[in-house]
Amino acid sequence: MKIAIISLGCPKNQVDLDVMVHILLSAGHETVADLGEADVILVNTCGFIDSAKSEAIDNILAMGALKQEGRIGRLLVTGCLSQRYQDEILQEMPEVDGVLGTGSYDDIVSVADRLLNGGETVSEFGDIDAPADEAGRVLTTPQHYAYIKIAEGCNNFCAFCIIPHLRGRYRSRAVEDILQEARGLAESGVKELIVVAQDTSRYGTDLYGAPRLPLLLHELCRIEGFHWIRVHYLYPDMITDELLDTFASEPKLVNYMDIPIQHVNDAILRRMNRRGTRAELDEMLQKLRSRLPDAVIRTSLITGLPGEGEAELEELCVFLRETKIERAGVFPFSPEEGTRAAQMEHVDTEEARRRAELVVDVQSDIIDAYNESVLGTEREVLCEGFDSQAQMHFGRSYAESPDIDGRIWFDADREVEPGTFVTVRLTGVMDGELTGELAEE
């Protein structure tokens with residue numbers, strides 16, 4: 001059977017796709033890039049917020065149109081959108097032949113076989129709280145970097161978030177299983193390992209009775225082959241002295257701290273069931289900057305949350321100007337059905353978007369100032385390719401995570417292979433991204 005894949009959503013979703021591809025290939029099936037050659041089209045979806053849902057639906061409808069034209073075969077939808085709208089997808093999208101929930105990825109082969117051979121509509125939804133299977137995977141990212149998921153699900157139950165209902169309770173993977181997978185990735189040529197979970201900072205609390213992320217990171221750093229190890233989604237209340245000491249003591253750990261704070265107003269944080277206060281957040285950031293002076297911080301922010309007025313919005317903007325967090329993803333509040341926040345009084349979507357644009361303007365000034373501050377310095381850059389139109393190589397330093405933070409563009413008097421680390425002297429800014437030239441080595 002030939003299967004074509006469309007992958008959407010977050011890095012955690014990417015890992016799920018890697019696992020499904022491994023299962024399919026192990027069963028003798030084949031993945032193809034040309035949709036027209038495929039017997040089954042698999043659309044792996046995100047269903048977290050409105051924009052992600054719209055992207056997923058648009059892709060499904062586009063595949064449905066090709067199917068009606070007779071240009072593709074059967075259509076299978078997996079991922080968070082299918083888990084969230086189990087019945088609605090099949091009822092409202094007759095072009096879809098099957099849906100597979102987030103607790104049933106190990107059933108991918110039987111579902112694909114049934115779609116192709118039986119002709120019936122297929123719906124499979126397993127236990128989303130089941131322990132995470134330790135399956136193999138086939139990388140669908142470029143060979144030089146890979147994500148590794150250390151836990152599934154979430155116990156935080158933020159009032160605006162639907163994830164616990166789609167992914168289940170927090171379930172850590174065993175240290176030994178993670179290390180075994182990581183060693184395999186290193187042996188396959190992965191240079192940058194990116195550690196992900198819905199909340200990486202709580203790794204081990206369920207399995208070992210206490211946080212074990214520092215221990216895990218120390219062990220990952222001992223694996224030969226990795227040059228960088230990057231960590232995403234560290235919740236602010238779990239950034240301990242031990243964790244900061246771990247980053248400070250391990251050269252492979254890049255000082256890139258992804259800390260989703262969402263907002264800074266105490267009343268909004270309480271209403272959203274977020275742990276900690278503005279004062280505690282300020283204290284943590286001060287300690288982080290002191291311990292890791294070269295750290296680049298990324299966060300995510302939501303405007304228009306229930307309880308936010310002009311004063312609360314201004315508090316958020318002042319906070320950004322004072323703390324100078326280098327990178328931020330800013331999202332208008334999306335009242336997701338099934339969440340408590342959706343039932344609370346909030347501004348309309350247009351106003352939430354207006355506020356998001358104001359915060360983006362503030363953040364743009366901060367990143368512009370940061371880019372100017374690093375001009376003239378040299379950075380280690382992981383080359384990711386060459387753009388024939390721009391006639392420049394491009395890559396990332398420790399300060400840029402893939403598909404999130406943009407690129408560093410650089411001139412070189414020789415060919416630089418993707419996956420190679422080089423030293424780049426930063427000399428300018430182009431459309432908000434840094435530019436430079438290959439330094440003499």
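In short, a report on the structure. These numbers come from a predicted model, not from an experiment. (Residues numbered from 1 in each chain as written. Predicted model: local features only at pLDDT ≥ 70, side-chain atom pairs only at ≥ 80, totals over all residues. Heavy atoms only, no water.)

Counting across every chain of the model gives three aromatic pairs. Ring geometry for Y145 versus Y147: centroids 5.9 Å apart, planes at 90°, classification edge-to-face. Given a relative accessible area of 6%, Y147 falls into the buried group. Seen from their ring centres, F394 and W409 are 5.4 Å apart, and the 50° between their planes marks the pair as tilted. Within this pair, whereas F394 is found in strand 16 (residues 392-396), its partner W409 is found in strand 17 (residues 408-411), the two being separated by 15 residues in sequence. (Phe/Tyr/Trp six-rings, centres within 6.5 Å; stacked < 30°, edge-to-face > 60°. Buried < 20%, exposed > 50% of the residue type's maximum accessible area, 1.4 Å probe, protein only. Helix = DSSP H or I, 4+ residues; strand = E, 2+ residues; numbered from the N terminus.)

The complete set of buried residues in helix 8 (residues 213-221) reads L213, P214, L216, L217, L220 and C221. Axial view of helix 8: buried residues confined to an arc of 160°, hence all on one face. Looking at the buried residues of helix 8, the elements they touch are helix 7 (175-187), strand 10 (192-196), strand 11 (228-231), helix 9 (241-249) and strand 12 (253-258). (Arc of directions from axis to C-beta. Contact = heavy atoms within 4.5 Å.)

Each regular strand displays side chains that alternate between the two surfaces of the sheet. Across six bridges, strand 13 (residues 296-303) lies against strand 14 (residues 327-332) in parallel orientation. Bridging across to strand 14, S300 finds its partner in G329. Taken together, strand 13, helix 12 (residues 310-323) and strand 14 form a β-α-β motif whose crossover is right-handed. (Pairing = 2+ DSSP bridges. Right-handed = clockwise from strand over helix to strand, strands pointing away.)

At a closest axis distance of 9 Å, the pairing of helix 8 and helix 9 adopts a crossing angle of 15°. When the axes of helix 8 and helix 9 are compared, the pair comes out roughly parallel. Judged by the sense of rotation from one axis to the other, the crossing of helix 8 with helix 9 is left-handed. From helix 8, L213, P214, L217 and H218 reach across to helix 9, where they touch E242, L243, T246, F247 and S249. Its residues placed into classes, the contact of helix 8 with helix 9 shows five nonpolar, three polar and one charged. (Axes fitted to C-alpha atoms, helices over the stretch in contact; angles between N-to-C directions. Parallel < 35°, antiparallel > 145°, perpendicular 65-115°, else oblique. Left-handed = near helix turned anticlockwise from the far one by under 90°. Nonpolar A, V, L, I, M, F, W, Y, C, P; charged D, E, K, R; others polar.)

Pairing within the open sheet is parallel, and its six strands lie in the order 7-10-11-12-13-14. Where the open sheet ends on each side, the last strands, each with one partner, are strand 7 (145-149) and strand 14. Adjacent strand axes in the sheet meet at a mean angle of 20°, parallel and antiparallel pairs treated alike. Bridge analysis of strand 7 against strand 10 gives five bridges, and the strand direction is parallel.

Our focus in this paragraph is the packing of helix 9 against helix 11 (residues 278-291). Put simply, helix 9 and helix 11 touch, their axes get as near as 10 Å, and they point 25° apart. On the basis of their axis angle, the class for helix 9 and helix 11 is roughly parallel. Our pair here, helix 9 against helix 11, has a crossing hand that is right-handed. Residues D241, L244, D245 and A248 of helix 9 pack against K287, L288 and R291 of helix 11. Its residues assigned to classes, the contact of helix 9 with helix 11 shows three nonpolar, no polar and four charged.

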